[in-house]
Structure formats: structure tokens, C-alpha cells
Amino acid sequence: MLLMLPGCQTGGSASNQTADRAAAAPVRASSPNQGQERPAQSQGSAQTEDVVISDVGAWDHPVKKVFAAHGVKLGKVVLQQSKTYPVFYVDMPPSLSDSNNQGELRRLLADLAQANAYWSFSIADSAGSPRIDVVCDRKRQLVMETAVDGRKKAWTASEEEQRSDEGRDSFAAYVAGASAQTVKLDVRAQGDLDGDGAKEKIVTYQERNYVVKTKGSVYAILGELVDPIAGIEHMNVKFAIQPLTPGKEPYIVVYAENEGEAKGFSVYRLIGGRVGLVKHNYPDATNRGERLLKDVDGDGVYDSVSIFGYDDLQQHVVTVYEPFNGTKPEAWKVAYRNETGSFVYPETAEDVVRNWIEDQISPEYFGSEIGQLASTPQARTFPIEQDLNPNVIHAYGGDNGLSYETLRNEEDLKVIRAAMGEGEGTSVDFTLNRSEGKWRISAISAVQKQN
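The paragraphs below set out a description of the structure included in this document. (Residues numbered from 1 in each chain as written. Predicted model: local features only at pLDDT ≥ 70, side-chain atom pairs only at ≥ 80, totals over all residues. Heavy atoms only, no water.)

## Remarks on the pairing of strand β9 (residues 200-205)
Consecutive side chains of a regular strand alternate in pointing toward one face of the sheet and then the other.
Moving on, step 1. Where burial is concerned, most of β9 is hidden: 6 out of the 6 residues are buried.
Moving on, step 2. Taken together, the 5 bridges between β9 and strand β10 (residues 208-215) define a ladder with antiparallel strand orientation. Across the sheet, Ile 202 pairs through a bridge with Val 211, a residue of β10.
Moving on, step 3. Linkage of β9 to β10, two consecutive antiparallel strands, is achieved through a turn of 2 residues, within which Gln 206 is found at a positive phi near 50°. (Buried < 20%, exposed > 50% of the residue type's maximum accessible area, 1.4 Å probe, protein only. Helix = DSSP H or I, 4+ residues; strand = E, 2+ residues; numbered from the N terminus. Pairing = 2+ DSSP bridges.)

Dropping the structure here:
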């Protein structure tokens, strides 16, 4: 895996860099016997000996949650320079090695810097990819530069980042040293996020949203609720601090809408005394559709719910859901917008073929239908995408673009050729037999067009 860092960008799940800075601590060993191996002697005096933490499961630090949120497996930690400089040995997911996805890698580094209280650190990938060194400025709470195998790269901010930094600085200046009795904030929601009996507040200032805490007679800023769908037309219509699990741990939820066309949400929590993004779900590709936060399966944990409507023969509606915190795998339910509210077996052989092809868009959802429409294993598992792309045939809404030609027409046997448009490119022949009044597909074969 090759890690590159060409001008990638900060931001994302934990890039909130303002007050209450003393609350965070650098990576250190949790206790002398907690996941810790015998120190490895470094060059120099005993004061520079390394501490190796191999049992990361028994080690507690906010950086673990950051790695988990980005899908990175932490193998071990080596603490250097009197236990103030950590080297994280990790297994990077493929998405972070993609040179076209360097923004995600930069977000990971920014989130780690914040969780580590802006002490410098390094990342070494177990697959042998280049080591990444991250140099931070603890006083200014900034990442100053990165180096990949010793080649330095300046941490230059994009225009959007600069505007975000300016916004945070403006808000920090607004509340800095001000009395909570004299400075009035636009409070959108409030609740006890850290269990200390005092209510944190979600406030809006110059179209940005922050979490603040009253300390004595002044405000402390815990972080900004960085909007993960910034740039997509929407409005944040509701803010809430609410439990999402049976344990009653409070989370921050921001609900977003786009003029009735789209719904979605973002979930945040305090991570190491700072605000971090846990989950967001919004139809950002089309800005249409519903993404909900609710307990679908009744287990007490709120689910991230996506609802997809298909303008196909059966008028499918698929609800896909998984716990917002990723504790269980994805599941789904299939419903129907037709008159009966259930699967209606097609009456004609052509509609059987159409139904079967449309089901190939998401065979994991419509497997039970495919099993009824096809009578043989070959017909149930034919790889149609190699010849007719179901997603091209049936984009959500609109004509499915298929043409049909009946090659053989007997009382209980038909062969139907399906093709895109006027039959350009590859066609597919479907053999159907009728039994007990229903046409079922018994065989499928591709037919290459003759030049």
C-alpha cells in the first residue's frame, strides 16, 4: 500500500480545534502493567527508552476511537522521547491508500492530532508503506507539517479550511473571557454530555454551530459541529442532545432537510473532551430521499436508516438499516407501493423477464423474488451484469430501456430475447416454461451481436 500526501485536506469527524485545551492529554501508557511490554532501550540514556504497548485492547486513549472511526486497525504503540512521542503501528484500509482519496487520509491525521492534544506523532503501516510523521504546534493547536519517509510537506489550508478557522477564531474571540451572564448565545439545545451534572449547550454563531460549556462565570468552547454535508443544499432544522442506546449515553443529533425533498442527520459525541462526528447519513448524491435515525428492530439502539424507492414493475421500497454505532451488520426490509402492498407475480412472460432483470439491481434484497421467477440454479444465478447492465437498464425512475423479441412461442414454452434499445451490443435470451399458470425462467444465455 502506498501512502501519499499531496496537499490533502483537514476536516471531518474530529477537526474541532478550540477551547478547553487543557482537558486533552498526549498519548501515554495507561499504567505500568496495562498492555505494556518491557521497555526497549533506545540510543542514548535511560531517559530515552521506548515503551511498547502491544495489548491495545487494554489501553485507553481517545486516539483509539479515531482510528476505529476511520476503519484503521491499531496493532501497537511505541512511546518515544520520554513517552511523549507515539508511533502508531497500524493496518490501513485500501481507501486510505488511494492517491485520489487523500482528503480522507488528511482528515485522519487531523483527527489524531486533536485526540493527541496536538503532540507530534508518527504512523507506520504494518504492510511496509512509507512512515508518516506529523509535526504539531501544541500552543496554537495546529498541524504544521507532515513528512512521508522524511520528505516534508507543508500543511497548507484550503480556502474552505481558512474560512472555517476564521469562523472558529471569530467565535472564540466573541466569548473569550466574557461573562456567561453578559454574553447571550443563540442556544439550540442543551444537555449533560459528560455526566458532570452541568449542561453543555449547542449554540449557533454566524451560521456555524458550536458546543460550549460554562466554567465558573465564563464559557469554554468544546468544539464545532463540523457539517459533513457542507456544500450540499440543506438546512439544519433541529438540534437535540439525546440518548441513542439503552445505556442512556447522550449524543448530539443534528437533523437536516432540503425543502421536503431530502432528510438526513449527523450524530456527534464528546471524544476525549472534544466534539467528534460519529455517524452521518444524508442522500448527498441526489439530495432526494430519506435517511432516518430510529430504532427499527426494537433492540434499544437507534439505527441509521436509508429508504430507497424504485420505479420498477413491483414498485419496491427498500429500507436498509444498521446501528448508528456499527455494533451489528446491515439489515433490510422490502416493501411494495403497488395496490396489494406485496409481491404480485407477473402475468406475461415478458414481464417475468423484466421483473427478473430489475431484481438484479439489488439481488441481495430481492433474492426471494428471483427464486420464484427462475426455476433452475442457472437461471437464478446468471451474471446478467456481464451482458446487460441492470443499473443502466433501470436507473431509479423512468423507462427501463429494454426491447423484447419473441423467438419461440409455444403454448407452454417461450424464448424471449431482451436487448437494450434497438438491440445494439449484446442480447440475452431467456427460455421460459409455463406451469400452473405461471411463466418461469429455466435458462438464460448471452448472444453476441454479429458484425
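## Digging into the pairing of strand β18 (residues 316-323)
Moving on, step 1. Burial analysis of β18 places 7 of its 8 residues in the buried class, the great majority of the element.
Moving on, step 2. Inspection of the sheet shows strand β17 (residues 303-309) paired to β18 by 7 bridges, in the antiparallel sense. Bridged to Val 305 within β18 is Tyr 321.
Moving on, step 3. Between β17 and the antiparallel strand that follows it, β18, lie 6 residues; Gln 315 among them carries a positive phi value of about 55°.

## Quick word on the pattern of salt bridges
Moving on, step 1. Using the criterion set out here, one finds 14 salt bridges in the structure.
Moving on, step 2. Here Lys 213 and Asp 194 are joined by a salt bridge, their closest N and O atoms 2.9 Å apart. On the criterion of sequence distance, the pair formed by Lys 213 in strand β10 and Asp 194 in the loop between β8 (186-191) and β9 is long-range, its members being 19 residues apart.
Moving on, step 3. Since its relative accessible area comes to 37%, Asp 194 is described here as partly exposed.
Moving on, step 4. Several salt bridges share partner residues, and in doing so they unite Asp 194, Asp 196, Glu 200 and Lys 213 into one network. (Salt bridge = Lys/Arg side-chain N within 4 Å of Asp/Glu carboxyl O.)

## Quick look at the environment of Phe 343
Moving on, step 1. If you trace the backbone, Phe 343 turns up in the loop between β19 (331-336) and α4 (349-359).
Moving on, step 2. Since its relative accessible area comes to 19%, Phe 343 is described here as buried.
Moving on, step 3. Along the sequence, Phe 343 and Ser 368 sit 25 residues apart, while their C-alpha atoms lie 10.0 Å from each other.

## Side note on the sheet that holds strand β23 (residues 438-447)
Adjacent strands of a sheet form backbone hydrogen bonds with each other and so pair up, either parallel or antiparallel.
Moving on, step 1. Taken in spatial order, the 4 strands line up as β20-β21-β22-β23 in an open sheet, and their pairing is antiparallel. In this open sheet, the two strands that pair with only one neighbour each are β20 (402-409) and β23. Neighbouring strand axes in the sheet, compared pairwise and without regard to direction, differ in orientation by 25° on average.
Moving on, step 2. Both β20 and strand β21 (residues 413-420) contribute to a ladder of 7 bridges, which runs antiparallel. Each bridged residue has a counterpart across the sheet, and for Asn 409 the counterpart in β21 is Lys 414. (Axes fitted to C-alpha atoms, helices over the stretch in contact; angles between N-to-C directions.)

## Side note on the environment of Val 254
Moving on, step 1. Positionally, Val 254 belongs in strand β13 (residues 250-258).
Moving on, step 2. For Val 254, a relative accessible area of 5% gives the class buried.
Moving on, step 3. Considering only alpha carbons, one finds Val 254 and Leu 225, 29 residues apart in sequence, at a separation of 8.9 Å.
Moving on, step 4. With near-sequence residues (within four places) excluded, Val 254 lies in contact with Leu 225, Asn 236, Lys 238, Phe 239, Gly 264, Phe 265, Ser 266 and Tyr 268. (Contact = heavy atoms within 4.5 Å.)

## Let's talk about the side chain of Ser 442
Moving on, step 1. With respect to the secondary-structure elements, Ser 442 resides in strand β23.
Moving on, step 2. Apart from the residues within four sequence positions on either side, Ser 442 is in contact with Ser 375, Thr 376, Gln 378, Ala 379, Thr 431, Leu 432 and Asn 433.

## Focus on the packing of aromatic side chains
Moving on, step 1. Applying the stated criterion to the full structure yields 8 aromatic pairs.
Moving on, step 2. With 5.3 Å between their ring centres and 70° between their planes, Phe 67 and Phe 88 make a pair best called edge-to-face. Of the two residues, Phe 67 is situated in helix α1 (residues 62-69) and Phe 88 in strand β3 (residues 85-91); the sequence distance between them amounts to 21 residues. The same class applies to Phe 67 as to Phe 88, namely buried.
Moving on, step 3. Between the aromatic rings of Tyr 365 and Phe 366, the centroid separation amounts to 6.2 Å while the plane-to-plane angle is 80°, which identifies the pairing as edge-to-face. Both residues of the pair, Tyr 365 and Phe 366, belong to the buried class.
Moving on, step 4. If you follow Lys 76 out to its NZ or CZ, it ends over the ring of Tyr 89, 4.9 Å from the centre.
Moving on, step 5. Over the ring of Tyr 345 we find Lys 438; its NZ or CZ atom is 4.8 Å from the centre of that ring. (Phe/Tyr/Trp six-rings, centres within 6.5 Å; stacked < 30°, edge-to-face > 60°. Lys NZ or Arg CZ within 6 Å of the ring centre and 35° of its normal.)

## With respect to the nonpolar core
Moving on, step 1. Formed by 29 residues in total, the largest nonpolar core has its most connected members in Phe 67, Phe 88, Leu 108, Phe 121 and Ile 123.
Moving on, step 2. Mapped onto this core, the elements with two or more residues apiece are β1 (51-53), α1, β2 (73-80), β3, α2 (102-115), β4 (121-125), β5 (132-137) and β6 (142-148).
Moving on, step 3. Sequence-distant contacts of Leu 108, that is, excluding residues within four places in its chain, are made with Val 66, Phe 67, His 70, Val 72, Met 92 and Leu 96.
Moving on, step 4. Listed in part, the 24 residues of the second largest apolar core include Tyr 336, Ile 416, Val 428 and Trp 439. (Core = buried A, V, L, I, M, F, W, Y, C linked by side-chain atoms within 4.5 Å.)

## Quick word on the sheet that holds strand β11 (residues 218-224)
Moving on, step 1. On the basis of which strands lie adjacent, the open sheet formed by 4 strands has the order β8-β9-β10-β11 and antiparallel pairing. What marks the edges here is a single partner per strand, and that holds for β8 and β11. Recorded for the sheet is a direction-independent mean angle of 35° between the axes of neighbouring strands.
Moving on, step 2. Judged from the 6 bridges that link them, β10 and β11 form a sheet pairing that is antiparallel. By the bridge assignment for β11, Lys 213 is matched with Ala 220.

## Let's talk about unusual backbone geometry
Moving on, step 1. In this model, Glu 207 sits at a positive phi of 65°, which is unusual for a non-glycine residue.
Moving on, step 2. Mapped onto the fold, Glu 207 is located in the loop between β9 and β10.
Moving on, step 3. Taking relative accessible area as the criterion, Glu 207 reaches 77% and is therefore assigned exposed.
Moving on, step 4. With a phi angle near 55°, Glu 436 is a residue other than glycine that sits in the positive phi range.
Moving on, step 5. Checked against the element boundaries, Glu 436 lands in the loop between β22 (427-435) and β23.

Read these as geometric descriptors, not functional statements.
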